[in-house]
Structure formats: structure tokens, C-alpha cells
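One-letter residues, chain by chain:
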Amino acid sequence: AWDLLETMATRLPIHGSRAQWLFDRKVLTPLLEMAGSTGSPDPICGGNALRTLSSFCKLAHVPQEASSLFGNDSELLGDFHRALHCFEEHSSGEIDRLAFIDAVTSWSTASPNALTLVIDDPLLREGWLSLSVSQPKLKSVILYSVATCIDPPSQVDTSGDTVMASNVPSHQLSMRLFDCLGAVNGKDATDIVLSAADSSFAELRLGAYALLNAVAKRGTGAQ
């Protein structure tokens, strides 16, 4: 069931009838409850539910009817916000952290409003951007995540046509996110990324390069 829902949410193009079904409350409510929007996340299904919801968030990149369904549903934004909060509070281990980072990334790239909510929320901000982990691969995932939010990738539909990402954050919001990476980790963000780019671990270097590339596309970031 999880696989089918994720396939429906990620297979392009997204037609209006499919989008309306996915965003129907009869589908969303059980997923949100399992992810923790009304209490503790389900110990077995919580991570899967959060991952499936994050694939729904990616629909907001697509300039079709699904985009307006997500962008105009402030109730859905609030529910997913609460689910992220609860999942972060009850998560433990690297697998949960990866699921949380993936969900925050998908949600933050859905709209500038969602990204602003994450940046303004100390719990989500710290849980997302903290590099106080020993695994280089996990640090690299965080750097890639920030890069994706600053410079969302384009997508390709089933016809092979490129679907340009919408809801790209402004230069100001992008640089605010970059500065938050430094603030959360108690250092200047540029120093953090340049240090990672000089790491002996290849995966950490690649994450740093991706973030430098994304920031360099922004006006003040390039300077």
C-alpha cells in the first residue's frame, strides 16, 4: 500500500482526478495520524507514513492541479508540521533521522511558506541542520538537503519532458537558510561548508560541493 501511494504521488504527469484522490481527507488523515499529527507516531508505520506524506509534498513542485491543492491547504501544512514535530521528538537512530531529513526536505521545497515555518521552528531547525553526528554520510545528507531546498531540481515526466521546479525560494530566504546552517552548528556557514569540502571522506566533499553550487547561484551567495 505504501509503495502504491508513493508511486501515485510521484508518477508524472499528475492529473487532477488523481491529485484530488490523494489529497482527500480519507487518504490523508490515517497517514497523518500514523506519522504523529495527533500524538505519538505509530511505532511500526510511522516512518513509512512520514515518507509517503513527504512524497505528497513533492507534488507542490509540479505546475498542475496538485500544486494548488497543497499550496492552498493551510490545514494540511499545519497537520504535517505537527507530524514532523512529534516524529522528531520520538525518533531515535540513524534510520529515523534519515526519514526525518527526507520529510523536512520534501516539505521545505514544497513552498516558501513551508520553508519559513521550518526555519522559524527551533525544534525542526535543530533536528534538520545539526551536524553533531559522527557519520560522514549523514552529514552529507544534511548538506545535500540544504542544497536541494536552495536549488530545487527539475523533474522529468513520463513523456521525457522536463518539468521545471516551482516554488523556488527567494535569494533572501535561501541565504537565510544557509545562515541557519551556521547558527545551528555554532560556526560561520561558509567555514562549515569549506571545511567539509576539504574532508578526507568523498561523500562529505560531494555534499559540500552540491551546497556550494546551489549557493553560488544566488546573488549574494555567489559573492
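We now turn to the structure provided with this report. Treat the numbers as computed from the prediction; the structure is a model and nothing was measured.

**Considerations on the overall build of the protein**
Item 1. Of regular secondary structure, the protein possesses 14 helices and two strands.
Item 2. Per-residue burial over the protein gives 48% buried out of 223 residues.
Item 3. For the protein, the share of sequence-separated contacts (at least 6 apart) that also reach a separation of at least 24 residues comes to 67%.
Item 4. Split by element, the accessible area of the protein, about 10,500 Å² in all, is 53% carbon and sulfur.

**Remarks on the environment of Trp107**
Item 1. Within the secondary structure, Trp107 sits in helix α7 (residues 94-108).
Item 2. Overall, the relative accessible area of 0% leaves Trp107 in the buried class.
Item 3. Sequence separation between Trp107 and Val118 is eleven residues; the distance between their C-alpha atoms is 8.9 Å.

**Concerning the nonpolar core**
Item 1. With 57 residues, the main nonpolar core has Phe80, Leu84, Trp128, Leu177 and Leu211 as its most contacted residues.
Item 2. Ignoring sequence-local partners within four residues, the contact set of Leu177 consists of Leu115, Ile119, Trp128, Leu129, Val146, Cys149 and Ile150.

**Looking at the packing of helix α8 (residues 112-120) against helix α9 (residues 122-129)**
Item 1. Packing of α8 against α9 brings their axes to within 5 Å, and their N-to-C directions diverge by 90 degrees. Classified by the angle their axes make, α8 and α9 are roughly perpendicular. From α8, Leu115, Val118, Ile119 and Asp120 reach across to α9, where they touch Pro122, Leu124, Arg125 and Trp128.
Item 2. Residue composition of the contact of α8 with α9, grouped by class: six nonpolar, no polar and two charged.

**Some words on the packing of helix α10 (residues 136-150) against helix α11 (residues 171-184)**
Item 1. Where α10 contacts α11, the axes come no closer than 9 Å and their chain directions differ by 165 degrees. Here α10 is positioned roughly antiparallel relative to α11, judged by the angle of their axes. The chirality of how α10 crosses α11 is right-handed. Within the contact between the two elements, α10 uses Leu143, Val146, Cys149 and Ile150 and α11 uses Ser174, Leu177, Phe178 and Leu181.
Item 2. When grouped by side-chain class, the residues that make up the contact of α10 with α11 number seven nonpolar, one polar and no charged.

**So, the pattern of salt bridges**
Any two side chains of opposite charge can pair, so long as their charged atoms come close to each other.
Item 1. Here the structure, examined in full by the defined rule, presents five salt bridges.
Item 2. With its nearest N and O atoms 2.9 Å apart, the salt bridge here joins Arg51 to Glu6. Of the two residues, Arg51 sits in helix α4 (residues 46-57) while Glu6 sits in helix α1 (residues 2-10), which places them 45 residues apart along the sequence.
Item 3. Overall, the relative accessible area of 32% leaves Arg51 in the partly exposed class.
Item 4. Look at the salt bridges and you will find they share partners, linking Arg25, Asp79 and Arg82 into a network.

**What about a nonpolar patch on the surface?**
Item 1. Where nonpolar side chains cluster on the molecular surface, the patch consists of Tyr144, Leu194, Leu206, Tyr209 and Leu212 and spans about 460 Å² of accessible area.
Item 2. When residues of the nonpolar patch are assigned to their parent elements, the largest contribution, three residues, is made by helix α13 (residues 202-216).
Item 3. Relative to the elements of secondary structure, Leu194 occurs in helix α12 (residues 189-197).

Rules of the game
- Residues numbered from 1 in each chain as written.
- Predicted model: local features only at pLDDT ≥ 70, side-chain atom pairs only at ≥ 80, totals over all residues.
- Heavy atoms only, no water.
- Helix = DSSP H or I, 4+ residues; strand = E, 2+ residues; numbered from the N terminus.
- Buried < 20%, exposed > 50% of the residue type's maximum accessible area, 1.4 Å probe, protein only.
- Contact = heavy atoms within 4.5 Å.
- Areas by Shrake-Rupley, 256 points an atom, 1.4 Å probe, with all protein chains shown as cover.
- Core = buried A, V, L, I, M, F, W, Y, C linked by side-chain atoms within 4.5 Å.
- Axes fitted to C-alpha atoms, helices over the stretch in contact; angles between N-to-C directions.
- Parallel < 35°, antiparallel > 145°, perpendicular 65-115°, else oblique.
- Nonpolar A, V, L, I, M, F, W, Y, C, P; charged D, E, K, R; others polar.
- Left-handed = near helix turned anticlockwise from the far one by under 90°.
- Salt bridge = Lys/Arg side-chain N within 4 Å of Asp/Glu carboxyl O.
- Patch = residues over 30% accessible without salt bridge, like charges linked within 9 Å, V, L, I, M, F, W, Y side chains within 5 Å.

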